[in-house]
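A look at the structure
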Amino acid sequence: MSNQKFIYLDHAASTPVASEVLEAMLPYFSETYGNPSGMHKQARASSRAISNARQEIAQILNCSPKEIVFTSGGSESDNMAIRGVAWAQKLAGKGKHIITSPIEHSAVSKTIDQLCEYYGFEQTQVSVDQYGLVDPADVEAAIRPDTILISIMAANNEVGTLQPIAEIGELAQAHGIPFHSDTVQVVGAIELNMQDLKMDLLAMSAHKFYGPKGVGLLYIRQGTPFMPHSTGGSHEAGRRPGTENVPYIVGLATALKLAYQDMAASVARQTRLRDKLITGVLETIPDAALTGHPTLRLPNSASFVFKDCDATAILMHLDMNGVGGASGSACATGMPEPSDVLLVMGIDYQLALGALRLTLGRSTTDEDIDYVLEKLPGIVQTVRQLHQMQQVPA
Ligand SMILES: Cc1ncc(COP(=O)(O)O)c(C=O)c1O
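This text gives an overview of the structure that appears in the document. Just so you know, these numbers come straight off a predicted model, no measurement behind them.

A few words now on the environment of Asp200. Relative to the assigned elements, Asp200 resides in the loop between β6 (179–182) and β7 (201–205). Remark: the alpha-carbon pair of Asp200 and Arg362, spanning 162 residues in sequence, is separated by 30 Å. When sequence neighbours within four positions are dropped, the list of residues in contact with Asp200 reads Ile177, Pro178, Phe179, Tyr219, Ile220, Arg221 and Thr224.

In structure tokens:
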């Protein structure tokens, strides 16, 4: 990379590994490297590191260490949670109906789609409002005698809207239905206390909170019906086979501790900067709108749509100006496709093609936001001019 300062505003996609995390991980690559299942000193040291990490995480989440399963990240945790409950429930003859939302991450939505398409399950997707918010009353209304799982994310990764997971947990428990929540985006933003939240399964991914990529966890409340989706050794109490990734598990626990250490201050700081960014964008750029809920949103997430704009072009211009952002659209086929999340929120197809997500982090400063606010209006204007030229028939 060049020496130009790069303003990274894509923390919802991934975060840098904190120096404390890296430091904690390093000894477990080549000093303490034994297989935790072994019977010697090296093995015991590795095993102890995992056990300490599990203990520390359990303390933070206010749960039993037995309820923590280490995984390779958010996607695996979501897959494991949904398949694990669905299979166990089906085997027990409990039913085949799953309640979810239309704005879930693909790790959830595609897992449920596959269960429905090939394994005889059925799903109800409750609607979301214009802010991407699920109404717990809709979840309750969707419950059938054969409902075996409710899966609703804690916060959406594209628009940052926070869902009423406490209320959904209460009603799921009242109906005796396991509740899974993809909490990947909320770690460090809200407290996840498993004695307060009536959540049975919760997915986390370390790289979203300054830990390494490729490690995460699944919390499984004791007594939740669960069948492992991989088979092999008896690691993780038979729920997830395979030699444990010791350094990454240590990194995950360290990152979680850091996220909880300064949560209130970090949330307050990022909320202020986020609101400065949102207000600045809406005041200076015509035909711009905020996507997601104005207040019930992740403290670091600002997401917009710009009329008559191509999101990819905005991102390229931002990148050339030293700013990294993201859009909700996918461009796999060469033809930009708007995000399904924005469409189900009722945002117009053309408008949704101009989606921009800027997600702040621990290192984001007032100067960074000032710089973006200085550059973005001109970028949007340029992209709009290009867009208009493309609309003129040849
Ligand atoms: C809401 C949500 N769930 C799941 C995932 C997947 O996590 P991972 O990258 O660890 O597989 C992501 C990552 O973007 C996410 O934002």
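The discussion continues.
Before going further, it helps to examine a nonpolar patch on the surface. Together, Val17, Leu22, Leu26 and Phe29 line one region of the surface with nonpolar side chains, adding up to about 350 Å² of accessible area. Relative to the elements of secondary structure, Phe29 occurs in helix α2 (residues 27–30).

Located in the positive-phi region is Asp287, a residue other than glycine, with phi close to 55°. Tracing the backbone through its elements, the reader meets Asp287 in the loop between α10 (263–284) and β9 (288–290). A positive phi angle is found at Asp308, which is not glycine, with a value near 55°. Take Asp308: it is sitting in the loop between β10 (301–306) and α11 (311–320). Take Asp308: its relative accessible area is 37%, and that puts it in the partly exposed class.

Applying the stated criterion to the full structure yields 2 aromatic pairs. Relative to Tyr248, the ring of Phe29 has its centre 6.2 Å away and its plane inclined at 80°; by these criteria the two rings are edge-to-face. Placement of Phe29 in helix α2 and of Tyr248 in helix α9 (residues 246–261) is noted, with a sequence separation of 219 residues between them. In this structure Tyr248 comes out as partly exposed when scored by relative accessible area, which is 24%. Pairing Phe304 with Phe306 gives two aromatic rings, centres 5.9 Å apart and planes at 25°, and the pair type is stacked. Accessibility classification places Phe304 together with Phe306 in one group, the buried group. Positioned above the aromatic ring of Phe121, the side-chain terminus of Lys90 is 5.0 Å from the ring centre. The positively charged end of Arg362 is found above the aromatic ring belonging to Tyr210, 3.8 Å away from the centroid.

Thresholds applied
- Residues numbered from 1 in each chain as written.
- Predicted model: local features only at pLDDT ≥ 70, side-chain atom pairs only at ≥ 80, totals over all residues.
- Heavy atoms only, no water.
- Helix = DSSP H or I, 4+ residues; strand = E, 2+ residues; numbered from the N terminus.
- Contact = heavy atoms within 4.5 Å.
- Patch = residues over 30% accessible without salt bridge, like charges linked within 9 Å, V, L, I, M, F, W, Y side chains within 5 Å.
- Areas by Shrake-Rupley, 256 points an atom, 1.4 Å probe, with all protein chains shown as cover.
- Salt bridge = Lys/Arg side-chain N within 4 Å of Asp/Glu carboxyl O.
- Buried < 20%, exposed > 50% of the residue type's maximum accessible area, 1.4 Å probe, protein only.
- Phe/Tyr/Trp six-rings, centres within 6.5 Å; stacked < 30°, edge-to-face > 60°.
- Lys NZ or Arg CZ within 6 Å of the ring centre and 35° of its normal.

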